[in-house]
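Here's the letter readout for the chains.
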Amino acid sequence: MIEFENVTRTYGRKVAVAGLSLVVPEGQVFAFLGPNGAGKTTAIKMLVGLLRPSSGHVRLGGYDLSTDARRACGLLGYVPDVPFLYDKLTGREVLHFIAGMHGLDERAAVERVHREMAHFELDEFIDELAETYSHGMKQRLVFAAAMLHDPAVLVIDEPLVGLDPRSARLVKNLLREKANRGAAILMSTHLLDVAEEIADRIGIIDRGKLLCAGTLEELRQSLSQRHSSLEQLFLEVTAASGESAAPAEALEHHRSE
Amino acid sequence: MTTQPARKLPPPVVPPPRLLGAPEEARLFWRLRWRLASNIFRQAFQQARFRMSLVTLLTGLLWVGLFGLFAQGFHFLKTTIPESVTHDETARAVFSIFFVSLTVMLVLSTGIILYGGLFRSAEVRFLFSLPVRVERIFLHKFQEAVLFSSWGFLLLGTPMLVAYGVVEEGSWYYFAAIIPFTLSFVYIPGAIGAILVLLIVRWLPGDRRKLLWLAGGLLALTAAAVSWSIRRNIDNDLLTPAWFQEMLARLRFSETRLLPSWWLSSGLLEAVRAGWDTAEGRRALSESVMFLALTISNALFLHQLAIWAAAGLYRGGYSALHAERPSRKRLKPARFDSLVLRAAFFLTPAMRLLIVKDLRLFRRDPVQWLQFLIFFGLLALYFLNIRRLSYDVNYVSWVTMISFLNLAVVGLILSTFTTRFIFPMISLEGRRFWILGLLPVKRETILWGKFLFAAVGSVVPSTLLILLSDFMLRVSPLVVAVHVLACCVLCSGLSGIAVGLGAKMPNLRDDSPSRIAAGFGGTLNLVISTGYIAAVVLLTALPCHFYLAAAGGLGAPLDATTDRLWNWLLAGAAGSIVLGVVATLLPLRIGFKAFRDLEF
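Residues numbered from 1 in each chain as written. Chains lettered and ligands numbered in written order. Predicted model: local features only at pLDDT ≥ 70, side-chain atom pairs only at ≥ 80, totals over all residues.

1. Considerations on the overall build of chain A
1) Next: Secondary structure summary: chain A contains 9 helices and 10 strands in total.
2) Next: What you see for chain A is a C-alpha radius of gyration of 19 Å, in line with the 18 Å of a compact globule of 257 residues.
3) Next: Counting only C-alpha atoms and orienting by the principal axes, one finds that chain A spans roughly 55 × 40 × 30 Å.
4) Next: Residue pairs at least 24 apart in sequence account for 68% of intrachain contacts in chain A once pairs closer than 6 positions are excluded. (Helix = DSSP H or I, 4+ residues; strand = E, 2+ residues; numbered from the N terminus. Rg over C-alpha atoms; globule rule 2.2 N^0.38 Å. Contact = placed C-beta atoms within 7 Å.)

2. Considerations on the overall build of chain B
1) Next: Across its full length, chain B holds 21 helices and 0 strands.
2) Next: Here chain B holds 600 residues, and the buried ones make up 35% of them.
3) Next: Taking contacts inside chain B between residues at least 6 apart in sequence as the whole, the part at least 24 apart equals 82%. (Buried ≥ 20, exposed ≤ 12 C-beta atoms within 10 Å, placed from the backbone.)

3. Remarks on the sheet that holds strand E3 (residues 29-33) of chain A
Residues and elements named next belong to chain A.
1) Next: Taken in spatial order, the 6 strands make up an open sheet running E6-E7-E8-E3-E9-E10, and their pairing is mixed. Across the chains shown, the open sheet's two edge strands, defined by having one partner strand only, are strand E6 (76-79) and strand E10 (209-214). The mean angle between the axes of side-by-side strands here comes to 15°, regardless of whether they run parallel or antiparallel.
2) Next: As paired elements, E6 and strand E7 (residues 153-157) share 4 bridges and run parallel to each other. Note that in E7 the partner of Tyr78 across the bridge is Val155.
3) Next: Each of E3, E7, strand E8 (184-188) and strand E9 (201-206) is contacted by helix H1 (residues 40-47), which is oriented at about 145° to E7, the strand it contacts most.
4) Next: Those strands touched by helix H5 (residues 135-147) are E6 and E7, and its axis lies near 170° from that of E6. (Pairing = 2+ DSSP bridges. Axes fitted to C-alpha atoms, helices over the stretch in contact; angles between N-to-C directions.)

4. Details of the domain arrangement of chain A
All names here are of chain A.
1) Next: Assigned domains within chain A: domain 1 (2-75 + 152-250) and domain 2 (83-150).
2) Next: Counting residues per element, the side of domain 1 that touches domain 2 draws most heavily on helix H6 (residues 165-180), which supplies 3 residues.
3) Next: In terms of residue class, the side of domain 1 that touches domain 2 is made up of 5 nonpolar, 3 polar and 1 charged. (Domains from an automatic or database assignment. Nonpolar A, V, L, I, M, F, W, Y, C, P; charged D, E, K, R; others polar.)

5. Comments concerning the domain arrangement of chain B
Size of an interface: often given as the accessible area lost when the parts come together.
1) Next: One can read the domain layout of chain B as domain 1 (63-225 + 251-321) and domain 2 (365-597).
2) Next: One C-alpha centre belongs to domain 1 of chain B, the other to domain 2 of chain B; they are set 33 Å apart.

6. Remarks on the sheet that holds strand E2 (residues 14-24) of chain A
1) Next: What the 4 strands build is an open sheet, ordered E2-E1-E4-E5 (chain A); its pairing is antiparallel. Since the sheet does not close on itself, it has two edges, and those belong to E2 and strand E5 (63-64) of chain A, each with one partner.

7. A look at the packing of helix H6 (residues 172-203) of chain B against helix H9 (residues 260-271) of chain B
Residue and element names in this part refer to chain B.
1) Next: Across the interface, H6 lies against H9 with an axial gap of 10 Å and an inter-helix angle of 175°. Considered as vectors, H6 and H9 are oriented roughly antiparallel to each other. Counted together, Tyr173, Tyr174, Ala177, Phe181, Phe185 and Ile188 of H6 and Pro260, Leu264, Gly267, Leu268 and Ala271 of H9 form the full contact between these two elements.
2) Next: In terms of residue class, the contact of H6 with H9 is built from 10 nonpolar, 1 polar and no charged. (Parallel < 35°, antiparallel > 145°, perpendicular 65-115°, else oblique.)

8. Looking at the confidence of the model for chain A
In regions of low pLDDT, the predicted coordinates are not meant to be interpreted in detail.
Residues and elements named next belong to chain A.
1) Next: The predicted model of chain A has a mean per-residue pLDDT of 84, with 91% of residues at 70 or higher.
2) Next: The element-level mean pLDDT for chain A is lowest in helix H9 (residues 230-243), coming to 69, with helix H3 (residues 91-101) highest at 94.
3) Next: Considering only residues more than four positions removed or in separate chains, one finds that residues 244-257, a stretch of pLDDT under 50, has 32 contacts. (pLDDT = per-residue confidence, 0-100.)

9. Digging into the nonpolar core
1) Next: Membership of the largest hydrophobic core comes to 147 residues, with the highest contact counts inside it found for Val153, Val155 and Ile185 of chain A.
2) Next: The element contributing the most residues to this core is H6 of chain B, with 13 residues.
3) Next: If we skip the residues at most four places from it in the chain, Val153 of chain A touches Met1, Ile2, Leu60, Gly61, Leu75, Leu76, Ala183 and Ala184 of chain A.
4) Next: Counting residues in each nonpolar core, the second largest holds 64 residues, with Phe417, Phe421, Ala455 and Ala583 of chain B among its members. (Core = buried A, V, L, I, M, F, W, Y, C linked by C-beta atoms within 7 Å.)

10. A closer look at unusual backbone geometry
Residues and elements named next belong to chain A.
1) Next: Phi at Asn6 is positive, roughly 45°, even though this residue is not glycine.
2) Next: Considering the arrangement of structural elements, one finds Asn6 in strand E1 (residues 2-11).
3) Next: When the 15 C-beta atoms within 10 Å are taken as the criterion, Asn6 is described as partly exposed.

11. Concerning the packing of H3 of chain A against helix H4 (residues 106-120) of chain A
All names here are of chain A.
1) Next: Axis separation between H3 and H4 bottoms out at 10 Å; the angle between their running directions is 130°. Taken together, the axes of H3 and H4 lie oblique to each other. Read as a crossing pair, H3 and H4 show a hand that is right-handed. Here Arg92, Leu95, His96, Ala99 and Gly100 of H3 come into contact with H4, specifically with Ala109, Arg112, Val113 and Glu116.
2) Next: Residue classes in the contact of H3 with H4 are distributed as 4 nonpolar, 2 polar and 3 charged. (Left-handed = near helix turned anticlockwise from the far one by under 90°.)

What follows is the structure in structure tokens.
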């Protein structure tokens, strides 16, 4: 469903993403882990059509983002880490605009807006201007907007930033539920426990390279030693990446399929 | 590298999503705009009725004032140049020059605004993740940019056009035609600016700054060449009929038939003569309609061309622009900063550090000093060009009047600077108040630091400009002294007003200085500043003017009255100083109180 095919992206001379190949099939939650500046955001920007790869292809549901961005975006629900909302629109107006953009007719839009309002408990503030919302409220509204058209692909940058524990639990359950119903989900996070809890597969990226990807168990085995936590694994892999020019060769890659 | 080879998926693997047709998409975007506009107005009328009323009133007053000014000007032209051919030529020259300049400004301003809208806005990042046509995103931001770049023209240009119609007793057709003419006209330079931006960003993303400098340099050179070609080797005496004809001939470059500005000016000049009763009226009407059709068809053509350009270039350009690595330059402490620190030895260390901090922020934000530089550079260019006038017009009173008008212009530009950059400083501090708010520094110190930064920073360039103007006009040492005094009084007062009002009416929500300045507080700051400038200039200019006239500037010396006028001059200077002290201290005092009580 989500496919990076040998994707490289450069910023001037700097290589932000180097030869990334990755497939996230339907029904799977994939978590991107990596230190700051590792290339996660660049990969996500390519996935939502903001950036084009310098080489390679990015596809959603088989639609190439470079050549068929509209169809690809039609399948996409995107939750950025810093959400954009029209300050002078109410939450309800924002949701109706997005529903309309995804081709939902008026009746379906009303129905879906009500569904997501109930899901994310938006009733209290949905008819106030978005400029009055706290970060957490904005984040809940953006999640609701991303779910309106039942997207086949969900891309989430830092899913739990700004959410209170109750909303965080809601989002975790929702992601799991969406994946169970067939959506392909890619999320980028710094929170290792979140990745550990929700993700089916985890990929560690550093300096533009995907160092390893697989289930937590596979990743542990790939380093031929048992780590008690994902944190230890992450620190070891990224430390190795910093020390060696080609650390990835030392790691065996696993796939969960 | 252990990444797996990608598995080839047979495209597409899921049924295609429902995509909107272009008309449905357009409807949704127009509905979005309507909702945004109606929410903004509703909110403004519910929460800020006084502000809205004041802004509307001031805008109306400005419009009426400009209308009166233009009506007087056109009436003067009509009565001074009764001969119809020369009169028509003069009106055409005025319109052509105005609209040519406007064309250039609209190309640049739409281009610059659109660059920000298309390539740097958060809204576009959001819209790109929706299944929206790229052409629709472009159109959405393009129409917004045309509106933002041309509202000033609509505000300043319409009183001129209406005044011309009133003075020339144009028919209703003329007044009705103003709207489609101006709307279609602003679209043409706007679309040209948009296409240029798309081309530059797509094909020369890394060189866009160099290109901007180059374009700016070329524009300045062209302006200088045009100015020189108009003024060089004038054979006739100033303000004689022959001189007038020669000047009109030299302005003909603005009447090139291929320029949209010429279509607009010709269409409007014909429209004012249009009628149904005479053959001449009907001819003028058909000519005017032809020019209107020409302008509209070109606007539509360029509109379509811009959409095609966007379809082919926008997404690629966006990606290319963001492929640049942000510059990560290491900055060393500037020698200038340590010089300032040493020069301000008499201030407290905290205040010195605050001033240097603001200086650094100012220096590292080219948007700030570049606008200041352009305004003051243009003024310097103008001052350097007024020498000829001082030779030709041998009346001391005229020269003095022009020198004081120059002082007023410097003051007005300074007031736009204090409104645009000094007034928002306090509001912007609100966002980083966790730094200043936690320091063991009195809140007054922060405001004093900003006041000193503004006052000292503005007094140096302003005084230099005034001295340049005085040098070129060869005014007497007395006038120079009065000017320098008035300049210092203006800088101090304008800085006090901006800092005081900025603290009294902060806008802690916005992070854009231009939006903060465009709000109610900024508008009020500009209005108060303008009144203050008028008061200071009148207090110093009038007595000085009459004293010099009495002391022999206009011919016969009037000994009996000179003493009285000298006293009046001294009183005016003292009055301006008192006014300056009040304008500095009163707003600061109000600002101190408000800033002490401010909760972030």
